[in-house]
Amino acid sequence: MVYLDQAATSFPKLDVVKQAVMDALEVAGNANRSSNMDSSRLIFEARRNIAQFFGLSDFHRVILNGGNTESLNTCIKGILKENDHVITTYAEHNSVLRPLYELEEKGVISLTICSPYLEDIKNHIQKNTRMVVMTHSSNVTGEIFDVDLIGKYCKECGILFMVDAAQSAGHIPVSMENIDALCFSGHKGLLGIGGIGGFCVKGIEVKPLISGGTGIDSFNPQMPEAYPEHLEAGTQNLVGIAALNTGVKYVSENQVEIMEKEHFLLEKLYKGLMGYVEFYSSLENSTPIVALNIPGKDSAYVSDLLNYKYGIVTRCGAHCAPLMHKHLKTEEQGIVRLSVSFQNTIEDIDCVIRAIQEISNDY
């Protein structure tokens, strides 16, 4: 199997991540609920490393949960209030769009959708604009958006800035310097396993999405005010956190090499496929994603053929980003997405190039 669906989840998992999972299974106790402190120490270390990785000064403000979708829902529903105006973009994943649509339908917020560029965002700011929420990098095309510049402008205007870093974290440096809330996935570029993710939030009050046991302040009928417990109800996913912690440490130590390898593979893909496909992505200013179609062929047909005939795993269709496909005018055909990582090889890329060239010529 040649695996080119790294934007969906990283594969194969690193040996150090696998070992971290096995080691976590030997850790006794439930964090904040046991006299044995081993599990609490492991989670403390993960919080500290994640805060350092993203440039967040207070590691207590690193919230760990079931994944990026939970993080986005928690921040969107826990920060926004009645009569707030929100700006988002056509590049967003449904995990951003659907919670916003829900609040809009309930009459809680008003919503504006524009392009993911500063000048357009500027044109849509209103007196009651409370938040701009957007992706750092498109999960369809890989395009990287200038969240630092947009964040600076939001700060000047007193507007909260929230970023979805699901596709950027691990592939490129991500800094919270001009970001108020940063949501991340643990199993993609950060190399952990499924079912783990979280968000980093600065000094903003966030209402809990769920309530329950926290191991502290048990006689309080409300969730504790102290962070992170304020936003972490229930037993933590210790195995997932251990995998994420190890993945973050690996990326921190190897970020330059990761970026160089991924750019090299991406460049090789573009060169080999030029003239055979229509590109919707670019080599420049991109995470390691190539979005393409073979003219006249449905994306699902191409992706299925790559899988069953050539053993190449890709992603086709709408990628849970409907507005991006409307923007690209690919609602009916969809897009074939090839996403690579530093774990892919030159042989993998050569195999994909040969296969797509054959499909383009012969089918």
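Up top is the structure.
Residues numbered from 1 in each chain as written. Predicted model: local features only at pLDDT ≥ 70, side-chain atom pairs only at ≥ 80, totals over all residues. Heavy atoms only, no water.

Structural notes on the sheet that holds strand β4 (residues 109-114)
Then, in step 1: Reading across from one edge, β2-β8-β7-β6-β5-β3-β4 is the order of the seven strands in this open sheet, with mixed pairing throughout. Each having just a single partner strand, β2 (62-65) and β4 make up the two edges of the open sheet. Neighbour to neighbour, the strand axes of the sheet diverge by 15 degrees on average, direction disregarded.
Then, in step 2: Bridge count between strand β3 (residues 84-89) and β4: six bridges; the pairing is parallel. Bridging from a neighbouring strand, Val86 pairs with Leu111 of β4.
Then, in step 3: Together, β2, β3, β5 (129-135), β6 (160-164), β7 (181-185) and β8 (197-201) form the strand contacts of helix α3 (residues 68-79), whose direction differs from that of β7 by roughly 160 degrees.
Then, in step 4: Of the strands in this sheet, β5 and β6 touch helix α6 (residues 147-157), which is tilted by about 160 degrees from β6. (Pairing = 2+ DSSP bridges. Helix = DSSP H or I, 4+ residues; strand = E, 2+ residues; numbered from the N terminus. Axes fitted to C-alpha atoms, helices over the stretch in contact; angles between N-to-C directions. Contact = heavy atoms within 4.5 Å.)

Comments concerning the sheet that holds strand β10 (residues 289-293)
Then, in step 1: Spatial ordering of the open sheet is given by β9-β10-β12, a layout of three strands whose pairing is antiparallel. Whereas interior strands pair on both sides, the edge strands pair on one side only; in this sheet they are β9 (278-279) and β12 (336-339).
Then, in step 2: By the bridge criterion, four bridges tie β10 to β12 in an arrangement that is antiparallel. When the bridges of β12 are listed, Ile289 appears paired with Ser339.

Topic: the side chain of Lys13
Then, in step 1: Take Lys13: it is sitting in the loop between β1 (2-3) and α1 (15-24).
Then, in step 2: Asp5 provides the closest opposite charge to the buried, salt-bridge-free Lys13, at an N-O distance of 11 Å.
Then, in step 3: For Lys13, the side chain forms a polar contact with the main-chain oxygen of His187, separated by 3.4 Å.
Then, in step 4: Non-local contacts of Lys13, meaning those with residues more than four positions away in its chain, are made with Lys18, His187, Leu191, Gly192 and Ile193. (Buried < 20%, exposed > 50% of the residue type's maximum accessible area, 1.4 Å probe, protein only. Lys, Arg positive; Asp, Glu negative; His and termini not counted. Salt bridge = Lys/Arg side-chain N within 4 Å of Asp/Glu carboxyl O. Polar contact = N/O pair within 3.5 Å; in protein donor to acceptor, adjacent residues only side chain to side chain.)

Remarks on the packing of helix α8 (residues 299-310) against helix α10 (residues 346-362)
In helix packing, the relevant descriptors are the interaxial angle and the interaxial distance, both defined with respect to the helix axes.
Then, in step 1: One way to put it is that α8 packs onto α10 with a least axis distance of 11 Å and a crossing angle of 120 degrees. By the angle between their directions, the pair α8 and α10 is classed as oblique. Of the two elements, α8 crosses α10, and the hand of that crossing is right-handed. Contacts between α8 and α10 involve Val302, Leu305, Leu306 and Tyr310 from the first element and Ala355, Ile356, Glu358 and Ile359 from the second.
Then, in step 2: When its residues are assigned to classes, the contact of α8 with α10 shows seven nonpolar, no polar and one charged. (Parallel < 35°, antiparallel > 145°, perpendicular 65-115°, else oblique. Left-handed = near helix turned anticlockwise from the far one by under 90°. Nonpolar A, V, L, I, M, F, W, Y, C, P; charged D, E, K, R; others polar.)

Remarks on the pattern of salt bridges
Side chains carrying opposite charge are able to pair once their charged atoms draw close together.
Then, in step 1: As enumerated under the stated definition, the model contains eleven salt bridges in all.
Then, in step 2: Across the salt bridge formed by Arg337 and Asp5, the nearest N and O atoms sit 3.2 Å from each other. Residue Arg337 is found in strand β12, and its partner Asp5 is found in the loop between β1 and α1; the two are separated by 332 residues along the sequence. Taken as a pair, Arg337 and Asp5 share a single burial class, namely buried.
Then, in step 3: Salt-bridge contacts for Lys271 lead to Glu267; the nearest nitrogen and oxygen are separated by 3.9 Å. Placement of the pair is Lys271 and Glu267 together in helix α7 (residues 238-273), with a separation of four residues, close to one helical turn.
Then, in step 4: Here Lys271 falls in the exposed class, since its relative accessible area comes to 62%.

Focus on the packing of aromatic side chains
Then, in step 1: Taken as a whole and assessed by the stated rule, the structure comprises seven aromatic pairs.
Then, in step 2: Pairing Phe44 with Phe59 gives two aromatic rings, centres 5.0 Å apart and planes at 85 degrees, and the pair type is edge-to-face. Here Phe44 is found in helix α2 (residues 38-54), whereas its partner Phe59 is found in the loop between α2 and β2, with 15 residues between them in sequence.
Then, in step 3: Here the aromatic rings of Tyr117 and Phe145 are separated by 5.9 Å at their centres, their planes lie at 75 degrees, and the arrangement is edge-to-face. Remark: Phe145 occurs in the loop between β5 and α6 and Tyr117 occurs in the loop between β4 and α5 (118-123); sequence separation between them is 28 residues.
Then, in step 4: By relative accessible area, Tyr117 is classed as partly exposed at 36%. (Phe/Tyr/Trp six-rings, centres within 6.5 Å; stacked < 30°, edge-to-face > 60°.)

Functional significance is not addressed by these values, which are geometric in nature.
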